[in-house]
Amino acid sequence: QVQLVESGGGLVQAGGSLRLSCAASGRTFSIYSMGWFRQAPGKEREFVATISQIGGRTYYADSVKGRFTISRDNVKNTVYLQMNSLKPEDTAVYYCAAGSTTTKNARGYTSWGQGTQVTVSS
């Protein structure tokens, strides 16, 4: 198992930017595909973005495509989510996750962080 800790959330105005970080410890970070998911109040957890083990493949939810960018640094054992042009509907708790496959399905991830709150005001 790998331990994950998210940071970088906060309150931002619509149109602003935030960069989330997820630091991993434990097993070798580079063997994991990494994903970001989010959960808004009263809604189910939804896929945001995922990146393959060495970063060659990335996938995004349609709702964030062109605004969010996922990246990773396998030396720093960290995955990032750069979020630009934020909208009020992006408000949610954001979770990072580690798994053996690069997938949009939350069931494909075996380790999860505790989450970081992102609030976008209108």
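Notes on the structure follow. Just so it is clear, the structure is predicted and the values come from calculations on it, not from any experiment.

Let us look at the pattern of salt bridges. A complete count under the given rule lists four salt bridges for this structure. Here Arg38 ties to Glu46 by a salt bridge, and the two come within 2.6 Å at their closest N and O atoms. We classify Arg38 as buried; its relative accessible area is 5%. Owing to a relative accessible area of 36%, Glu46 belongs among the partly exposed residues under this scheme. The network of salt bridges with shared partners includes Arg38, Glu46, Arg67 and Asp90.

In the structure shown here, the tally under the stated rule is four aromatic pairs. Between Phe37 and Phe47, the aromatic rings sit 5.7 Å apart at their centres with planes inclined by 70°, giving edge-to-face as the arrangement. You can see Phe37 sitting in strand β4 (residues 33-39) and its partner Phe47 sitting in strand β5 (residues 46-51), a full ten residues away along the chain. Of the residues examined, Phe37 reaches a relative accessible area of 1% and is grouped as buried. Put simply, the rings of Phe37, Phe47, Tyr109 and Trp112 pair up and form one aromatic cluster. Note that Arg45 overlies the ring of Trp112, its terminal NZ or CZ placed 4.7 Å from the centroid. The cationic tip of Arg72 hangs over the ring face of Phe29; the distance from NZ or CZ to the ring centre is 4.4 Å.

Scoring rules and cut-offs
Residues numbered from 1 in each chain as written. Predicted model: local features only at pLDDT ≥ 70, side-chain atom pairs only at ≥ 80, totals over all residues. Heavy atoms only, no water. Salt bridge = Lys/Arg side-chain N within 4 Å of Asp/Glu carboxyl O. Buried < 20%, exposed > 50% of the residue type's maximum accessible area, 1.4 Å probe, protein only. Phe/Tyr/Trp six-rings, centres within 6.5 Å; stacked < 30°, edge-to-face > 60°. Helix = DSSP H or I, 4+ residues; strand = E, 2+ residues; numbered from the N terminus. Lys NZ or Arg CZ within 6 Å of the ring centre and 35° of its normal.

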